[in-house]
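Okay, here's what each chain looks like letter by letter:
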Amino acid sequence: MQENRLSLSFYKAFDTLSLAQRLIGCELVHESADGITSGMIVETEAYLSDDPACHAFNRRTIRTEPMYGTAGTSYVYLIYGMYQCFNVVSNREGIGEAVLIRALEPLKGISLMEMRRQLIPGKSGDKIRTKTLKLNELCRGPGNLARAMGIERSLHNNLSLAGQPLYINNRVSETIEIEASTRIGINVGKELPYRFIVRNSPFVSKL
DNA sequence: GGATAGATTTTCT
DNA sequence: GAAAATCTATCCG
């Protein structure tokens, strides 16, 4: 049962901006040892090689090496010391571009996501969350999404999304309305309309 | 509801 | 040594 899984040829078929839009409405799946979690992608951002906000804008480094790999590779990095962000590498080898996945509408393994989100990252071990989260808070924002899905840089950086345990299924619905806007949380290139969301979705990280 | 400050560490200058 | 594709708690209205 993987006829819906996106193949490497799919990732190669689009430029980064097109892929960022094509991935909206697709289902991100993680088959972990703890169980399966998945969610529909409702928010993405494109990072291009000629874009000052892109990690690969300046120089090719160890950290950004996966971005220069083949399309359909994962790029997971640590931000602000405690949160991980999950990206889909795009464009052909040698060009450092990627699509940041920013929010999901949870589909499978929701109770497992809730368990993972109970733990808040901290210096001396994780802290326990006291209040319960709503469904639309589980995968809201790249850091939260990675945590709910159990995605870690040490395990999931630089993997092929055509294999296991992390992959993406094609759109379930074609009746999705996509809206473009500017990106979140950056200081340069903030005027570029490289963010894509499902219109009127309550699951996006920010209006 | 919105604004602000603090956490925390890898990476690059 | 500063910045970073973030999130949460806390304050205030």
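Preceding this section is the structure that the text describes.
Residues numbered from 1 in each chain as written. Chains lettered and ligands numbered in written order. Predicted model: local features only at pLDDT ≥ 70, side-chain atom pairs only at ≥ 80, totals over all residues. Heavy atoms only, no water.

Colleague: Is there a simple way to explain the protein's contact with DNA strand C in this structure?
Modeller: Near DNA strand C there are 23 residues, and of these His 55, Asn 87, Gly 141, Gly 143 and Gly 185 occur at the shortest range. Among the atoms of DNA strand C close to the protein, meaning within 4 Å, 55% are from sugar or phosphate groups. Contacts to DNA strand C include Asn 87, whose side-chain N or O atom sits 2.3 Å from a base nitrogen. Those elements that place two or more of their residues in the surface near DNA strand C are strand E3 (74-79), strand E4 (83-89), strand E5 (98-108) and helix H4 (142-149). No other element matches H4, which puts three residues into the surface near DNA strand C. Per-class residue counts for the surface near DNA strand C are 12 nonpolar, seven polar and four charged. (Near = heavy atom within 4 Å. Polar contact = N/O pair within 3.5 Å; in protein donor to acceptor, adjacent residues only side chain to side chain. Helix = DSSP H or I, 4+ residues; strand = E, 2+ residues; numbered from the N terminus. Nonpolar A, V, L, I, M, F, W, Y, C, P; charged D, E, K, R; others polar.)

Colleague: It is not clear to me how the protein's contact with DNA strand B should be interpreted in this structure. Could you clarify?
Modeller: What surrounds DNA strand B is the set Arg 59, Thr 61, Arg 63, Leu 78, Tyr 80, Gly 81, Met 82, Gly 122, Lys 123 and Arg 153. The contact atoms of DNA strand B, taken as those within 4 Å of the protein, divide so that sugar and phosphate hold 74%. In the model, a sugar or linking oxygen of DNA strand B is placed 3.4 Å from a nitrogen or oxygen of the Gly 81 main chain. Between Arg 153 and DNA strand B, the recorded distance is 3.1 Å, taken from a side-chain N or O atom to a phosphate oxygen. Its residues placed into classes, the surface near DNA strand B shows three nonpolar, three polar and four charged.

Colleague: Mind showing me how you'd approach unusual backbone geometry here?
Modeller: Apart from glycine, the bulk of residues carry a negative phi angle, and the bulk of peptide bonds sit in the trans form. A cis amide bond, omega -5°, links Gln 164 with the succeeding residue Pro 165. Along the polypeptide, Pro 165 turns up in the loop between helix H5 (153-156) and strand E8 (166-169). A positive phi is found at Tyr 80, a non-glycine position, where the angle reads about 55°. Residue position: Tyr 80 is located in the loop between E3 and E4. Within the chain, Asn 200 stands out as a residue other than glycine whose phi angle is a positive 70°. Considering the arrangement of structural elements, one finds Asn 200 in the segment after strand E10 (195-198).

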